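Fold and geometry: a report
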Amino acid sequence: MAEQNEKIDGGLNLALQIPKNELEQSSNLQYGYNEAARQWQIIVKYIGDIKRFEEIFQDTRVVELLNQYAIITTREEYIAAIAAMPEIEYIEKPKRLYFNLEQGRSASCINTVQRNPSGQGVGSQFGGSNLNLSGQGVLVGIVDSGGRVIILSS
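What this report covers is the structure whose coordinates are included nearby. (Residues numbered from 1 in each chain as written. Predicted model: local features only at pLDDT ≥ 70, side-chain atom pairs only at ≥ 80, totals over all residues. Heavy atoms only, no water.)

Another point: the pattern of salt bridges. Following the criterion strictly, the structure yields six salt bridges and no others. Its salt-bridge partner being Glu77, residue Arg75 comes within 2.8 Å of it at the nearest N-O pair. Residue Glu77 is classed as partly exposed on the basis of its relative accessible area of 42%. A salt bridge links Lys95 to Glu92; the nearest nitrogen and oxygen atoms lie 3.2 Å apart. Residue Glu92 is classed as partly exposed on the basis of its relative accessible area, which comes to 23%. (Salt bridge = Lys/Arg side-chain N within 4 Å of Asp/Glu carboxyl O. Buried < 20%, exposed > 50% of the residue type's maximum accessible area, 1.4 Å probe, protein only.)

Following the criterion strictly, the structure yields three aromatic pairs and no others. Both rings, one in Tyr33 and one in Trp40, keep their centres 4.9 Å apart while their planes meet at 40°; by these two values the pair is tilted. Trp40 matches Tyr33 in its accessibility class, with the two residues each being buried. Between Phe57 and Tyr78, the aromatic rings sit 5.5 Å apart at their centres with planes inclined by 45°, giving tilted as the arrangement. You can see Phe57 sitting in the loop between helix H5 (53–56) and strand S3 (61–64) and its partner Tyr78 sitting in the loop between strand S4 (69–75) and helix H6 (79–84), a full 21 residues away along the chain. (Phe/Tyr/Trp six-rings, centres within 6.5 Å; stacked < 30°, edge-to-face > 60°. Helix = DSSP H or I, 4+ residues; strand = E, 2+ residues; numbered from the N terminus.)

As a further point, take the environment of Arg75. On the secondary structure map, Arg75 appears in strand S4. Between the C-alpha atoms of Arg75 and Thr60, which are 15 residues apart in sequence, the distance is 7.1 Å. Residues in contact with Arg75, not counting those within four places in the same chain, are Arg38, Gln39, Gln58 and Asp59. Side chain to side chain, Arg75 and Glu77 meet in a polar contact 2.8 Å long. (Contact = heavy atoms within 4.5 Å. Polar contact = N/O pair within 3.5 Å; in protein donor to acceptor, adjacent residues only side chain to side chain.)

Now the structure itself:
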């Protein structure tokens, strides 16, 4: 059992061990879990033939990805047995991706050039004027190795 748990990501291990009522209260831990079907979507790193899992484990679907990764949709009770299979190197549950627009804008210094309060910062370097840059009317061109030019407009 210890060997199986080493293959399973900590977040998935926790989600499998906590009571169902606590799992339902955590959107992060229950992400990837279908309560009605009692099935998990898990991401696995594997070697060899993983498609055979569909024959071994009832109600299991395997979608192969690139570089020996796959998404397996299976019943909760099969996860430990799947982890014990020699083909499996690692298992984790999917994670939600959050995109924080404001953090990205700040890291890219966009906020500074768009709102230059009281002539400080970037504007003060250019005679104290407020830049108020918006990007409106700017065209972006991308030249790829094929010699094509792609123009993106708003």
